[in-house]
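As a plain string of letters, each chain reads:
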Amino acid sequence: QVQLVESGGGLVQAGGSLRLSCAASGRTLNNICMAWFRQAPGKERDVVAGISWNGVNTYYADSVKGRFTISRDNAQNTVYLQMNSLKPQDTAVYYCAAEQVWDPRIVLVNSDNYNNWGQGTQVTVSS
């Protein structure tokens, strides 16, 4: 069981930047793959970015590639999502997810593979 708490969401103008944080706590925090998902009203929950336990391997959705950067600090049990050049279509509730894996190099990108979720943080990008 992993508890996740997101923070850093808010309102920002198009072209601006925002940094999301997700702090993890619990008894089992080793070898956890983590990812960010987002869900806009009336749309599916889709992966935004994922990062392996060792921090080396990452995955980005095509829509955010080159604009978003995922990173982690395992000493603080925290994952970040730096979002630059934000667009109105980035508006959504952003969720942090974590799952213990068998290989520190693995990046999980399907929501069905995650059992630990944060409460979500709203990101709104105005035009």
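Structural data are supplied above this passage.
Residues numbered from 1 in each chain as written. Predicted model: local features only at pLDDT ≥ 70, side-chain atom pairs only at ≥ 80, totals over all residues. Heavy atoms only, no water.

J.: What should I look at first to understand the state of the cysteines in this one?
T.: Simply put, the disulfide is a covalent bond whose two ends are the sulfur atoms of two cysteines. A full pass over the atoms with the stated rule returns one disulfide. Note that Cys 22 is cross-linked by a disulfide to Cys 96, the S-S spacing being 2.2 Å. With the S-S bond torsion at -85°, the cross-link from Cys 22 to Cys 96 turns out left-handed. With Cys 22 in strand β3 (residues 18–26) and Cys 96 in strand β9 (residues 92–100), this residue pair connects regions lying 74 residues apart in the sequence. Exposure remark for Cys 96: the relative accessible area of 0% places this residue in the buried category. Considering cysteine sulfurs only, Cys 96 is the nearest to Cys 33, which forms no disulfide, with 10 Å between them. (Disulfide = S-S within 2.5 Å. Helix = DSSP H or I, 4+ residues; strand = E, 2+ residues; numbered from the N terminus. Buried < 20%, exposed > 50% of the residue type's maximum accessible area, 1.4 Å probe, protein only.)

J.: Mind showing me how you'd approach the packing of aromatic side chains here?
T.: Between two aromatic rings, the relevant description is the distance of the centres plus the angle of the planes. Across all of its chains, the model carries three aromatic pairs by this definition. Where Phe 37 meets Tyr 114, the ring centres are 5.6 Å apart and the plane angle is 75°; that geometry is what we call edge-to-face. One end of the pair, Phe 37, is in strand β4 (residues 32–39); the other, Tyr 114, is in the loop between β9 and β10 (116–117), and 77 residues separate them in sequence. Classification of Tyr 114 as buried rests on a relative accessible area of 3%. Taking 6.2 Å as the distance between ring centres and 70° as the angle between the ring planes, the aromatic pair formed by Tyr 114 and Trp 117 counts as edge-to-face. Connected via pairs of aromatic rings, a cluster forms that spans Phe 37, Tyr 114 and Trp 117. Taking NZ or CZ as reference, Arg 45 lies 4.0 Å from the ring centre of Trp 117, over its face. (Phe/Tyr/Trp six-rings, centres within 6.5 Å; stacked < 30°, edge-to-face > 60°. Lys NZ or Arg CZ within 6 Å of the ring centre and 35° of its normal.)

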